[in-house]
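Chain by chain, the residues:
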There are 2 protein chains.
Amino acid sequence: MAKATRGSERREEALSRERIVDAAIELLDDEGENGLTFRALATRLATGPGAIYWHIANKSELLVAASDAVVARALGEVLAFAKPHEEIRRIAVVVFEAIDAHPWVGAQLSVAPWRTAMLQIFERIGRQVQALGVPGGARFTAASALVSYIIGVSVQNAANGRLLDPPVDRADFLETVSAQWKELDAQEYPFTRNVAAQLREHDDRAEFLAGIDLILTGITASR
Amino acid sequence: MAKATRGSERREEALSRERIVDAAIELLDDEGENGLTFRALATRLATGPGAIYWHIANKSELLVAASDAVVARALGEVLAFAKPHEEIRRIAVVVFEAIDAHPWVGAQLSVAPWRTAMLQIFERIGRQVQALGVPGGARFTAASALVSYIIGVSVQNAANGRLLDPPVDRADFLETVSAQWKELDAQEYPFTRNVAAQLREHDDRAEFLAGIDLILTGITASR
DNA sequence: TGGTCTCTGGAACGCCGTTCCAGAGTCCGC
DNA sequence: GCGGACTCTGGAACGGCGTTCCAGAGACCA
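Residues numbered from 1 in each chain as written. Chains lettered and ligands numbered in written order. Predicted model: local features only at pLDDT ≥ 70, side-chain atom pairs only at ≥ 80, totals over all residues. Heavy atoms only, no water.

K.L.:
Can you walk me through the nonpolar core in this structure?
P.N.:
Within soluble globular proteins, side chains that are nonpolar generally end up buried alongside one another. In terms of nonpolar packing, the biggest core is built from 145 residues, with A:Leu41, A:Trp181, B:Leu41 and B:Trp181 touching the most fellow members. Not counting residues up to four positions away in its chain, the partners in contact with A:Trp181 are A:Thr192, A:Arg193, A:Val195, A:Ala196, A:Leu199, B:Trp114, B:Leu119, B:Phe122 and B:Phe140. (Core = buried A, V, L, I, M, F, W, Y, C linked by side-chain atoms within 4.5 Å. Buried < 20%, exposed > 50% of the residue type's maximum accessible area, 1.4 Å probe, protein only. Contact = heavy atoms within 4.5 Å.)

K.L.:
What's the story with the pattern of salt bridges in this structure? I'm lost.
P.N.:
If charged atoms from side chains of opposite charge come close, those side chains can pair. Overall, the coordinates contain 22 salt bridges over all chains when judged by the stated rule. A:Glu123 is the salt-bridge partner of A:Arg127, the closest N and O atoms lying 2.8 Å from each other. Taken together, the residues A:Arg127 and A:Glu123, both in helix H7 (residues 116-131) and four residues apart, mark about one turn of the helix. One salt bridge in this structure joins B:Arg200 and B:Glu201, with 3.8 Å as the shortest N-O distance. Where salt bridges share partners, they join A:Glu26, A:Asp30 and A:Arg44 into one cluster. (Salt bridge = Lys/Arg side-chain N within 4 Å of Asp/Glu carboxyl O. Helix = DSSP H or I, 4+ residues; strand = E, 2+ residues; numbered from the N terminus.)

K.L.:
Honestly, the side chain of B:Gln128 in this entry has me stumped. Any pointers?
P.N.:
Residue and element names in this part refer to chain B. By the secondary structure assignment, glutamine 128 is in helix H7 (residues 116-131). Residue glutamine 128 is classed as buried on the basis of its relative accessible area, which comes to 11%. Glutamine 128 has contacts with Pro84, Glu87 and Ile88, leaving out every residue within four places of it along the chain.

K.L.:
Would you explain unusual backbone geometry in this entry?
P.N.:
Most peptide bonds adopt trans geometry, and most residues besides glycine take a negative phi value. One non-glycine residue, A:Ala46, lies in positive phi territory at about 55°. Its place among the elements puts A:Ala46 in the loop between helix H2 (38-44) and helix H3 (49-55).

K.L.:
How do you make sense of the UniProt feature "domain: HTH tetR-type" (unreviewed entry) in chain A when you look at a structure like this?
P.N.:
Using the residue numbers shown here, the UniProt feature "domain: HTH tetR-type" (unreviewed entry) corresponds to residues 14-74 of chain A. Strand forms 0% of residues 14-74 of chain A and helix 74%; the C-alpha atoms that close the span are 27 Å apart. (UniProt positions renumbered as here; feature names shortened; annotations may be inferred.)

K.L.:
Help me out: how do you make sense of the environment of B:Ala40 in this one?
P.N.:
Residues and elements named next belong to chain B. Structurally, alanine 40 can be placed in helix H2 (residues 38-44). What makes alanine 40 partly exposed here is its relative accessible area of 27%. A sequence separation of 105 residues divides alanine 40 from alanine 145, and the C-alpha atoms of the two residues are 39 Å apart.

K.L.:
Before we go on, may I ask you to explain the UniProt feature "DNA-binding region" (unreviewed entry) in chain A in this structure?
P.N.:
Here, UniProt's "DNA-binding region" (unreviewed entry) annotation points to residues 37-56 of chain A. Secondary structure across residues 37-56 of chain A divides into 70% helix and 0% strand, with the first and last C-alpha atoms of the span separated by 13 Å.

K.L.:
What should I look at first to understand the relation of the copies chain A and chain B in this one?
P.N.:
What relates the pair of chain copies is a rotation about an axis plus a shift along that axis. Laying chain A over chain B is done by rotating through 180° and shifting 0.0 Å along the axis; what remains is an RMSD of 0.0 Å. What the rotation and shift describe, once combined, is the action of a two-fold rotation axis. By residue overlap, the copies meet face to face through one surface: 100% of the interface positions of chain A are interface positions in chain B. (Least-squares fit on C-alpha atoms with pLDDT ≥ 70 in both.)

K.L.:
It is not clear to me how the interface of chain A and chain B should be interpreted in this structure. Could you clarify?
P.N.:
Quite often, the size of an interface is put as the accessible area lost when its parts meet. Contact residues are listed per partner, giving 54 residues for chain A and 54 residues for chain B. Here chain A packs against chain B, burying approximately 4500 Å² in sum over the two surfaces, 68% of which is carbon and sulfur. For the pair chain A and chain B, the interface holds twelve residue pairs in polar contact (both at pLDDT 80 or more). Here the side of chain A that touches chain B gets 18 residues from one element, more than from any other, and that element is helix H8 (residues 136-162) of chain A. (Buried area = accessible area lost by both parts, 1.4 Å probe. Polar contact = N/O pair within 3.5 Å; in protein donor to acceptor, adjacent residues only side chain to side chain.)

K.L.:
I would appreciate a short explanation of the side chain of A:His102 in the present structure.
P.N.:
Residue and element names in this part refer to chain A. Within the secondary structure, histidine 102 is located in the loop between helix H5 (84-101) and helix H6 (103-111). The class of histidine 102 is buried, set by a relative accessible area of 19%. Sequence-distant contacts of histidine 102, defined by excluding residues within four places in its chain, comprise Asp29 and Val70.

K.L.:
Honestly, the packing of helix H4 (residues 59-76) of chain B against helix H5 (residues 84-101) of chain B in this entry has me stumped. Any pointers?
P.N.:
Packed helix pairs are characterised by how far apart their axes lie and by the angle those axes make with each other. Residue and element names in this part refer to chain B. Running from N to C, H4 and H5 point in directions that differ by 145°, and their axes come no closer than 9 Å. You can see that H4 and H5 cross each other, and the crossing is right-handed. In this structure, H4 contributes Val70, Ala74 and Leu75 to the contact, and H5 contributes Ile91, Val94, Val95 and Ala98. Each residue belonging to the contact of H4 with H5 can be placed in one class, and the counts come to seven nonpolar, no polar and no charged. (Axes fitted to C-alpha atoms, helices over the stretch in contact; angles between N-to-C directions. Left-handed = near helix turned anticlockwise from the far one by under 90°. Nonpolar A, V, L, I, M, F, W, Y, C, P; charged D, E, K, R; others polar.)

Here's what the structure looks like:
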């Protein structure tokens, strides 16, 4: 890898793993998950598909690199807070929002877990669980539950946003689903029918944080 | 749809949506997510790809139908229990195991949520949350948190199982990852390094249930 | 018996991830 | 200053995919 030391570049801006990953992120954000193809990426970088394969092994590696970059940037925004409770909530929100802004990251995290992206989240959460005073034997469980919940909800929230092809207004979308829930069979879906109104009014982010608090309460109560 | 009333069949067993979905489930279980192609499915059904399209609109609809069938069968096994706590745990375990046995269901649930499969889980969990005595305004939040956690952990657990192409022994796999964690940078990943041993020994299912209990404790404590 | 409607399945289309490879540009030993 | 080796490029090509098309087989009705 002596490449970086080379003085001059052949192209205006030489192809590099970083430039490819950045272009991939742009493409994914602009065109959605299906928009990322090696041909489209090559066009955007003014080159051919073959050139990309010199820097990246395959599409899966490209997706891992792209999601790692997004998660790392998001976590970088969370500074050390005074109270563990607060920092856990901050990390959760930042991850939630990163996946909301880049829905393809969510899909990627559930396909290829325990790569760098997820490990970073686990580490940050784990330290705060420790700071909360959770005893050694229960830390792994508590941190795992939190991370699973954070990723799980974020992925599903992002999936909801991707549901309809023309990006539809959130309020309209909830209105529609809520109406569908109200039409459900009263025998089969009594509960869902009853909470249909709450679906329309609910705030994903607030609901998400309420879940975090539920888990934190559980962790603290059984400490 | 007067088809079902037709007395005689052209083939030994006529093609039907149900037969196609069953064959798709078999194919997915046998060959993995990438094994389901319309060509392979056509071969298994001794027909051509075009015939399948008469019964199913596209691949996405086929995947939705297949996961709905698997989840419905799994939930069907859970009878009404006396105590809501118990039934919630039973539902959680059954979903966890169904996704573990059919990992492709997990991937599907995070791509297309809020279809029948997820709704069924939500409904069953919601009723028990209500039975727990959670007040009306908090039921939606509690049920959502539980469902998100259940799906989130199950999907990630299933994704772990799919990680390596030749199905590797679970203990070996954990041993390897645990060893990798111990090799992590001490500055960057102190927590993860510390719990590496717990990763090796932990039981996914038990950990999953511990998380459920954590949330249930939280729900009960803040009731 | 002829027409219509349901259903079949093979052929073909366009796009994808990936591989191949001729060659352009750069560096290094002599 | 020159020749070979090595890095990197990008267009062409391959096999496989989801999907569409359509000629026609079989069952039903007038």
